[in-house]
Amino acid sequence: MDPEPIKNLLLITVDCLRSTPLAGYAAENLFPPGMQALADRGVRFDNALSLGGGTPEAFPSILKSCSPPPIHPQQDPDAYRRFVSEGPSLPEIMHRAGFNTAAFHSNPWLSRWYGYGKGFEHFNDSFSPGEANPVSSMGHIVNRIKPAIPQSWLFLSAYDVWQAMADPPYTRAEVETELAFKYASQNRNMRQFIWIHYMDCHQPYSFRLWTTSQNERTRLLDYARIITKLRRNLALSPEGRASLALYYLLALRRVAAQIDLLLSRFEKLGLLEETLVVLTGDHGEAFGEHEAYGHGFVDHEVLTVPLVFSHKTLDQGLVSHEPVSNADILPTVLDLLHIDSKVELVGTSLTSLLRKRSTHLSQDRTFFSVAYTPPRREARYAIQRGGWKVKRLITFPKPGSSGLVAYDELFNVIEDKSETKNVKDEEPEIYRGLEEDLEKHLRPTDKSWGAERTSGEDMAAVEERLRRLGYL
Ligand SMILES: [Zn+2]
């Protein structure tokens, strides 16, 4: 017999939440106490994949349990919005089932302009008057004059970093926590679905509160130097990489402390008992493992993310090594909250693993992931099954031209987790099998990258934020 349905859902997503250990740091650093406490009360998957290497590629799988989008919003905002809005999503299904639905975040890719407000009664994406809005008037002025100044100037990067620390291009974790908790406590008698997305681990990393003032100045300058190098595509020294990783970890500690605070406040209110808490990252973050930094790639360190389901009726403290994906979140949630929905899903419910009725899912599952970089006109794809993974890079020589396969690589991701040895020539049959499947996924989607941008006046605030986050 299944236990009673769980009453509420709290979905916590953290931008750039990596699960691959960082060189020079213990794995536990990526799971600070606030997050570990959550995992101890539930089940943690240590082999969870995101189907997208960037925010816009990953979130449709989380909220709709679908394959990643065939286009990037920078390539064609209207088509992307149509893709996001098409068919029922987690908030719509929950809303229809009688839940109060609310979202708290400040990621411009997830704003209402791209269709993410659908199904939420309360949607705080920080772009409405009266909502916590991180872009100050000073920020606006600086961003106007910035394009006229060479990016390589250290003082400008230092200014950028200072500005980012004083006035980050996103709402800080502390504010998001407060907003989400206030909403939860006001609606405590209703069944509710709350989604909170933290941005502090996204470049520029928000680590300021953890340092003393002298340390802080040194670190800010050091961080500015690192950012300048990355912008100029210069290699980082091993020390530079270690510092960058440290700043990321400090930002992560802030987020984890906020998650802990949010949960302890839920507990005090008696809400935690009756709430399923799901924690994941939209994608990870690279620190030079494959000569790249940040995200927007399909390598292990970018696609592998933590995934935790936490509730007293789940198998407390279990760590599952089963390969799962972020598209499995929606079907699992519907299952645990006993919500009927006849929607077509790419993911599978993980309930049998969460309640120890099985240790493996039956099928040999295939995971298809994408990452687009429209300014450089590149698309990266990965297909993974049974411990093998093919990575493909497609380049588009001109806007609107059809793609050219720059390379395909095959990796044994069980023996070679960090994907260092391409074994395509040694394993031609395995490669062929995966490559055929990859082609099937690409067939309907390999289309023009040249569509004109159609953004209007109303997107100016979204674009400004994207610029400050380093995208435009
Ligand atoms: Zn993201």
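Keep in mind that this is a model prediction, so the values were computed, not measured. (Residues numbered from 1 in each chain as written. Predicted model: local features only at pLDDT ≥ 70, side-chain atom pairs only at ≥ 80, totals over all residues.)

**Quick look at the overall build of the protein chain**
Inference 1: When you go through the protein chain residue by residue, the secondary structure sums to 14 helices and 15 strands.
Inference 2: Sorting the 472 residues of the protein chain into buried and exposed places 46% on the buried side. (Helix = DSSP H or I, 4+ residues; strand = E, 2+ residues; numbered from the N terminus. Buried ≥ 20, exposed ≤ 12 C-beta atoms within 10 Å, placed from the backbone.)

**Things to note about unusual backbone geometry**
Inference 1: Residue Q203 is joined to P204 through a cis peptide bond whose omega torsion reads -5°.
Inference 2: You can see P204 is positioned in the loop between strand 5 (192-198) and helix 8 (213-231).
Inference 3: Unusually for a residue other than glycine, E291 sits at a positive phi of about 60°.
Inference 4: Secondary-structure assignment places E291 in the loop between strand 7 (286-287) and strand 8 (293-294).
Inference 5: If you check the backbone angles, H338 has positive phi at about 55° while not being a glycine.
Inference 6: Along the polypeptide, H338 turns up in the loop between helix 11 (329-336) and helix 12 (351-354).
Inference 7: Owing to 12 C-beta atoms within 10 Å, H338 belongs among the exposed residues under this scheme.

**Focus on helix 7 (residues 173-186)**
Quick reminder: α-helices carry 3.6 residues per turn. Residues three or four places apart thus point the same way.
Inference 1: The terminal C-alpha atoms of helix 7 lie 20 Å apart, and with 14 residues this matches the ideal 20 Å at 1.5 Å per residue to within 8%.
Inference 2: Considered for burial, the residues of helix 7 that qualify are A173, E176, T177, L179, A180, F181 and A184.
Inference 3: Looking at the packing, one finds that the buried side of helix 7 touches strand 3 (100-104), strand 4 (122-124), strand 5 and helix 9 (238-268). (Expected span 1.5 Å × (residues − 1). Contact = placed C-beta atoms within 7 Å.)

**So, the environment of R96**
Inference 1: When you line up the elements, R96 lands in helix 4 (residues 90-96).
Inference 2: Assessed through the 13 C-beta atoms surrounding it within 10 Å, R96 is described here as partly exposed.
Inference 3: Once the C-alpha coordinates of R96 and G119 are considered, the two residues, 23 residues apart in sequence, prove to be 8.6 Å apart.

**Observations concerning the pairing of strand 12 (residues 366-373)**
Inference 1: Of all 8 residues making up strand 12, 6 are buried, and the element is well covered by its neighbours.
Inference 2: Linking strand 12 to strand 13 (residues 378-385), which pair antiparallel, is a turn of 4 residues; within it R377 sits at a positive phi near 50°. (Pairing = 2+ DSSP bridges.)

**A short note on the pairing of strand 6 (residues 275-281)**
Inference 1: Burial runs high along strand 6: 7 of the 7 residues are buried.
Inference 2: Here strand 6 shows two buried faces, one formed by T275, V277, L279 and G281 and the other by L276, V278 and T280.
Inference 3: When strand 1 (residues 8-14) meets strand 6, the two strands line up parallel, connected through 7 bridges. The residue bridging N8 from the neighbouring strand is T275, located in strand 6.
Inference 4: Sheet topology places strand 6 next to strand 9 (residues 304-310); 4 bridges connect them, and they run antiparallel. Bridging across to strand 9, L279 finds its partner in V308.

**Here's the deal with the confidence of the model for the protein chain**
Inference 1: Averaged over the protein chain, the pLDDT score is 87; the fraction of residues at 70 or greater is 87%.
Inference 2: Within the model, pLDDT remains below 50 along residues 148-152, and this stretch shows 4 contacts once partners closer than five positions in the same chain are excluded. (pLDDT = per-residue confidence, 0-100.)

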